[in-house]
Amino acid sequence: MLTSHRSTAPVTFQTALIVDDHPLFCDALSMTLQAVAGIRDVSTAATLQEGLDWVRDNDPPDVIVLDLNLPDVNGLDGLIRLHNAVDAPIVIVSSMADNRVISSVIHAGAAGFVPKHSQREVFRTAFDTLRAGQTFVPAGYVLLDDGDSAKGDDAVSRLASLTNQQARILQLICEGKLNKQIAYDLSIAETTVKAHVTAIMRKLGVQSRTQAVLIAKETSFGTVLSDRA
């Protein structure tokens, strides 16, 4: 196990929200969290939007457990939008557990990463680490420090600076939608969309929508997924 400093304040966990679209895994993870972390109240959501709606309509949970691949989002988009929507630590539980993925989610604001099929003791250690105010990463994790990794981490940091609405608009841009279509989908004025697009490009340090899409795709783990195909 390798940890990095996040906060010195001790943390308690009594409530949790799991965002994952596999019901059986949600059931198993709920029991695991109750058994090893003492969490008494676990809620679940099958999509990112369900998770965002739950956060909006309820008191914030003490911790959120998030899968990276959901029916309505893939890669870092879900983490960034959820991180901007709620002030609660987010633990990524994913089957994509190589150094590049772990480094990216930690730089994007995750409080920890647990490989999806870890034993209960790994989850116990993870939550003990979070309670101590530290970030949890799995044993054997090595921070990549080559040029490509540094470039990717910089892109992740810039994406993480987007607001929830900006992240949603960027996702729609990546889907090829024009400003008018985005305005319709989000029920906002087209001038508001244009203002958000300008802000997105400024935060990402790019001059065009195409460049913004390329940065978003750099952090979508497409290379990792294709390598495993």
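Note that the structure is a prediction, hence the values are computed from the model and not measured. Throughout, residues of each chain are indexed from 1 in the direction in which the sequence is written. With the structure being a predicted model, the display of local features is reserved for residues of pLDDT at least 70 and the display and counting of side-chain atom pairs for 80 or more, all residues being used for whole-chain, interface and lining totals. With hydrogens and water excluded, all non-hydrogen atoms of the structure serve as input to the side-chain values.

K.L.:
Please explain the packing of aromatic side chains as it appears in this structure.
P.N.:
The geometry of an aromatic ring pair comes down to the distance between the two centres and the angle between the two planes. The rule is short: rings of Phe, Tyr and Trp, with Trp giving its six-membered ring, pair when the centres are within 6.5 Å, and they are stacked under 30 degrees, edge-to-face over 60, tilted in between. Considering all chains together, one arrives at one aromatic pair under this definition. Look at Phe13 and Phe127: their rings are 5.5 Å apart centre to centre, the planes differ by 85°, and that puts the pair in the edge-to-face class. One end of the pair, Phe13, is in the loop between β1 (2-5) and β2 (15-19); the other, Phe127, is in helix α5 (residues 120-131), and 114 residues separate them in sequence. Take Phe13 and Phe127: they sit in the same class, and that class is buried. Above the plane of the ring of Phe25 lies Lys116, whose end atom (NZ or CZ) is 4.7 Å from the centre. For helices the rule is a DSSP run of H or I covering at least 4 residues; for strands it is a run of E covering at least 2, with both sets numbered from the N terminus onward. Burial classes: relative accessible area under 20% of the type maximum marks a residue as buried, over 50% as exposed, and values in between as partly exposed (1.4 Å probe, protein chains only). Lysine and arginine charges are scored as sitting over a ring when NZ or CZ, respectively, is within 6 Å of the ring centre and within 35 degrees of the ring normal.

K.L.:
Would you take a moment to explain the packing of helix α2 (residues 48-57) against helix α3 (residues 76-85) for this structure?
P.N.:
The description of two helices packed together rests on the angle between their axes and the distance between the axes. All axes here are fitted lines through C-alpha atoms, helices being fitted over the stretch that makes contact, and every angle between N-to-C directions spans 0 to 180 degrees. It is at 10 Å that the axes of α2 and α3 come closest, and there the two elements cross at 5°. Comparing the axis directions of α2 and α3 gives the class roughly parallel. In contact with Leu48, Gln49, Leu52 and Val55 of α2, α3 contributes Gly78, Arg81, Leu82 and Ala85. Gly is put with the polar residues, along with every residue not named as nonpolar or charged; the nonpolar set is Ala, Val, Leu, Ile, Met, Phe, Trp, Tyr, Cys and Pro, and the charged set is Asp, Glu, Lys and Arg. Tallied by class, residues from the contact of α2 with α3 come to five nonpolar, two polar and one charged. We call two directions roughly parallel when the angle between them is under 35 degrees, roughly antiparallel when it is over 145, roughly perpendicular when it lies between 65 and 115, and oblique otherwise. Residue contacts are defined here by distance: any two heavy atoms, one from each residue, within 4.5 Å place the two residues in contact.

K.L.:
Can you walk me through empty space enclosed by the protein in this structure?
P.N.:
Here the idea is plain: a probe the size of a water molecule rolls over the atoms and shows the empty space left. Cavities and pockets were defined on a 1 Å grid built over protein atoms only: a cavity is a set of grid points that admits a 1.4 Å probe from which the probe cannot escape, a pocket is an open set flanked by protein on both sides within 12 Å along at least five of seven lines, and lining residues are those with an atom within 4 Å of any such point. Grid points are joined across faces, edges and corners, and a volume is the space filled by probe spheres set on the points. Overall, the coordinates contain one cavity of 30 Å³ or more when judged by the stated rule. When its volume is computed, the largest cavity comes out at roughly 60 Å³. As for the largest cavity, its lining consists of Asp77, Ile80, Leu159, Leu162, Ala167, Leu170, Gln171, Cys174 and Ala216. Mapped by element, the contributors of at least two residues to the lining of the largest cavity are α3 and α7 (164-174). It is α7 that provides the largest number of residues to the lining of the largest cavity, a total of four residues. Considering only residue class, the lining of the largest cavity consists of seven nonpolar, one polar and one charged.

K.L.:
Quick question: what am I supposed to make of the nonpolar core here?
P.N.:
Taken as a class, soluble globular proteins show a tendency for nonpolar side chains to be buried jointly. In this structure, Leu79, Leu82 and Ile92 are the most contacted members of the largest nonpolar core, which totals 50 residues. Once residues within four sequence positions are removed from consideration, Leu82 is found in contact with Val19, Leu48, Leu52, Val55, Ile64, Leu66 and Ile90. The criterion is simple. A nonpolar core is a set of buried Ala, Val, Leu, Ile, Met, Phe, Trp, Tyr and Cys residues joined through side-chain atoms within 4.5 Å. Core analysis: the second largest hydrophobic core is formed by 22 residues, Phe13, Ala16, Phe25 and Val36 among them.

K.L.:
Looking at this structure, I do not really get the pairing of strand β6 (residues 112-115). What am I missing?
P.N.:
For a regular strand, side chains alternate in direction, first toward one face of the sheet and then toward the other. With four bridges connecting them, strand β5 (residues 90-94) and β6 associate as parallel partners. When the bridges of β6 are listed, Ser94 appears paired with Pro115. Read as a crossover between parallel neighbours, the route from β5 over helix α4 (residues 99-107) to β6 is right-handed. Two strands make a pair as long as DSSP finds a minimum of two bridges between them. Handedness rule for crossovers: strands pointing away from the viewer, path from the first strand over the helix to the second running clockwise, crossover right-handed.

K.L.:
Sorry, what's going on with the environment of Leu68 here?
P.N.:
Here Leu68 lies in the loop between β4 (63-66) and α3. In sequence terms Leu68 and Ser94 are 26 residues apart; their C-alpha atoms lie 6.3 Å from each other.

K.L.:
For this particular structure, what's the right way to read the pattern of salt bridges?
P.N.:
A side chain of one charge can pair with a side chain of the opposite charge when the charged atoms of the two come close. Only one rule defines a salt bridge in this text: a Lys or Arg side-chain nitrogen within 4 Å of an Asp or Glu carboxyl oxygen. Taken as a whole and judged by the stated rule, the model has seven salt bridges. When the shortest N-O distance is used, the salt bridge between Arg56 and Asp53 registers 3.4 Å. Of this pair, Arg56 and Asp53 both sit in helix α2, three residues apart, roughly one helical turn. A salt bridge links Asp67 to Lys116, with the nearest nitrogen and oxygen atoms 3.1 Å apart. In this pair, Asp67 is assigned in the loop between β4 and α3 and Lys116 in the loop between β6 and α5, connecting sequence segments 49 residues apart. For Lys116, a relative accessible area of 11% gives the class buried. One network of salt bridges, with partners in common, ties together Asp20, Asp67 and Lys116.

K.L.:
What am I meant to see in the layout of surface pockets here?
P.N.:
Computed from the structure, the second largest pocket encloses a volume of approximately 150 Å³. Around the second largest pocket, the lining residues are Gln49, Leu52, Asp53, Val55, Arg56, Arg81, Ala85, Asn164, Gln165 and Arg168. For the lining of the second largest pocket, the secondary structure elements donating two or more residues are α2, α3 and α7. For the lining of the second largest pocket, the leading source of residues is α2, giving five residues. A breakdown of the residues in the lining of the second largest pocket according to their chemical character gives three nonpolar, three polar and four charged.

K.L.:
Got a minute to help me understand helix α8 (residues 179-186) in this structure?
P.N.:
When α8 is considered as a whole, its buried residues turn out to be Asn179, Ile182, Ala183 and Leu186. Seen end-on, α8 carries its buried residues on one side only, within an arc spanning 100°. In α8, the exposed positions that point more than 90 degrees away from the buried face belong to Lys180 and Tyr184. Positive backbone phi, at 55°, marks Ser187, one or two positions downstream of α8. Directions are taken from the helix axis to each C-beta atom, and the arc is the one they span.

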